[in-house]
Amino acid sequence: MTLPELTTPIRLYWDLTPLPSAPPDHGKICAEIIDLKILSLDLTATGSTVPEACFSILEQCRTARLAVTLTLSPEALSEEVGQRLAAAPPKELLIQVTGPDRFPPHRSLPPGVDGISFPVTGDTWRRIPDLFRFAADSGCRRLVLPMQRLYAGEEAFYLSRRELEALTAELAPIPRDPDMRVTVHDPFLWRGIFPHTPFPEGRCQAANTMLAIDPKGVVYPCPTMPVPLGDLASGTLRDIARGEAKKELRKKLLRLPAACVGCVDAGSCTGGCRGRGEQLGGSWEGIDPACR
């Protein structure tokens, strides 16, 4: 499936943490997000505590009827935080865990938590089957394998074809609830988890259906594409979303990388993760190394 090109995005990712020493104006940014009339906001605050700004953002979004998915760290989800979230609840509340040792005790999610966000890295990918086993045992019906934050300096990660095949084989016998919703942003990792289902979003949607904001207020095409489009300290989100930098980037992303021309999988892959390809290859014309 290839989604249409949009004037403004329909989904926005906003990382609140780690809070910089001089935080941006969160209220102003939130007002600009609401003014952009996006459909959903993915808000992440995975520090040991929940920033006060998070609660005010949720209240602004509740008043504007903007759907919010909030991801918190398990240690930040105290009884007090749960009470405060009840006043302006997100549409979906996830806890971020990084391995079986961080899964909730007693094989069940805390009250009010809808699911788990599981960042996949070179250290955690082998735990993906444990994640699905936990979901099967606990009745968890929501799993998210989020995009890497390459704009935050994370090391670009991908699996080889042999590793993906091994992952598929280990996942095969694990029962899955047909009602469980799983979000996997990496098209190749998707193939390892759902080998018989086409990747749902088609070509790279960075700077089209999505944009991302880092904790300092810098806007990016997506969390995995560390190419700044503008800074909300000196510009508005609407102007950045409709600006020339975004348009020029989309032109590059709509062209198949030169290294992919002639590939039999080019029609379905359309270049893979373009942010990872550019980050590791240093060019928009290079191949996503996960495709090798």
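Above: the structure in question.
First, a word on scope: everything that follows refers to the structure included in this document. (Residues numbered from 1 in each chain as written. Predicted model: local features only at pLDDT ≥ 70, side-chain atom pairs only at ≥ 80, totals over all residues. Heavy atoms only, no water.)

## Describing helix α5 (residues 161-171)
- Regarding α5, the residues found buried are L164, L167 and L171. The buried residues of α5 occupy one face: seen down the axis, they fall within an arc of 60°. In α5, the exposed residues that point more than 90 degrees away from the buried face are R162, E165 and A169.
- Where α5 is buried, its residues touch α4 (128-138) and α6 (187-193). (Buried < 20%, exposed > 50% of the residue type's maximum accessible area, 1.4 Å probe, protein only. Helix = DSSP H or I, 4+ residues; strand = E, 2+ residues; numbered from the N terminus. Arc of directions from axis to C-beta. Contact = heavy atoms within 4.5 Å.)

## Here's the deal with the pairing of strand β8 (residues 210-213)
- Side chains M210 and A212 of β8 all project onto a buried face; the interleaved residues L211 and I213 project onto the opposite face, where all are buried too.
- Bridge analysis of strand β1 (residues 11-15) against β8 gives four bridges, and the strand direction is parallel. The residue bridging W14 from the neighbouring strand is I213, located in β8.
- Strand direction decides the pairing type here: β8 and strand β9 (residues 218-220), joined by two bridges, are antiparallel. By the bridge assignment for β9, I213 is matched with V219. (Pairing = 2+ DSSP bridges.)

## Focus: the packing of helix α2 (residues 52-64) against helix α3 (residues 79-87)
- Running from amino to carboxyl end, α2 crosses α3 at an angle of 20°, the nearest separation of the two axes being 9 Å. It follows from the interaxial angle that α2 and α3 lie roughly parallel. Seen from above, α2 lies across α3 with right-handed handedness. Across the interface between the two elements, E52, F55, L58, E59 and R62 of α2 pack against V81, R84, L85 and A87 of α3.
- Across the contact of α2 with α3, the residue classes break down as five nonpolar, no polar and four charged. (Axes fitted to C-alpha atoms, helices over the stretch in contact; angles between N-to-C directions. Parallel < 35°, antiparallel > 145°, perpendicular 65-115°, else oblique. Left-handed = near helix turned anticlockwise from the far one by under 90°. Nonpolar A, V, L, I, M, F, W, Y, C, P; charged D, E, K, R; others polar.)

## Considerations on the nonpolar core
- Judged by nonpolar contacts, the single largest core of 84 residues is most densely connected at W14, I33, I128, L189 and I193.
- Filtering out sequence-adjacent residues up to four positions away, L189 remains in contact with V120, I128, L145, L159, L164, L167 and V184. (Core = buried A, V, L, I, M, F, W, Y, C linked by side-chain atoms within 4.5 Å.)

## Focus on the side chain of H185
- Along the chain, H185 falls in the loop between β7 (181-184) and α6.
- Of the residues examined, H185 reaches a relative accessible area of 19% and is grouped as buried.
- Ignoring sequence-local partners within four residues, the contact set of H185 consists of Y13, L145, P146, M147 and F199.

## Digging into the sheet that holds β1
- Strand order in the open sheet made by the ten strands is β7-β6-β5-β4-β3-β2-β1-β8-β9-β10, with mixed pairing throughout. Each of the sheet's edge strands pairs with one partner strand only, and the pair in question is β7 and β10 (230-231).

## Brief notes about the packing of aromatic side chains
- Applying the stated criterion to the full structure yields four aromatic pairs.
- The ring of F55 is capped by R84, whose NZ or CZ atom sits 4.0 Å from the centre of that ring. (Phe/Tyr/Trp six-rings, centres within 6.5 Å; stacked < 30°, edge-to-face > 60°. Lys NZ or Arg CZ within 6 Å of the ring centre and 35° of its normal.)

## With respect to the pattern of salt bridges
- Applying the stated criterion across every chain, the model contains 17 salt bridges.
- For R11, the salt bridge identified is with D42, shortest N-O distance 2.4 Å. With R11 in strand β1 and D42 in strand β2 (residues 40-45), this residue pair connects regions lying 31 residues apart in the sequence.
- In this structure D42 comes out as buried when scored by relative accessible area, which is 15%.
- We note a salt bridge from E59 to R62, for which the minimum N-O separation is 2.6 Å. (Salt bridge = Lys/Arg side-chain N within 4 Å of Asp/Glu carboxyl O.)

In short, the description is geometric, and any link to function would need to be established separately.
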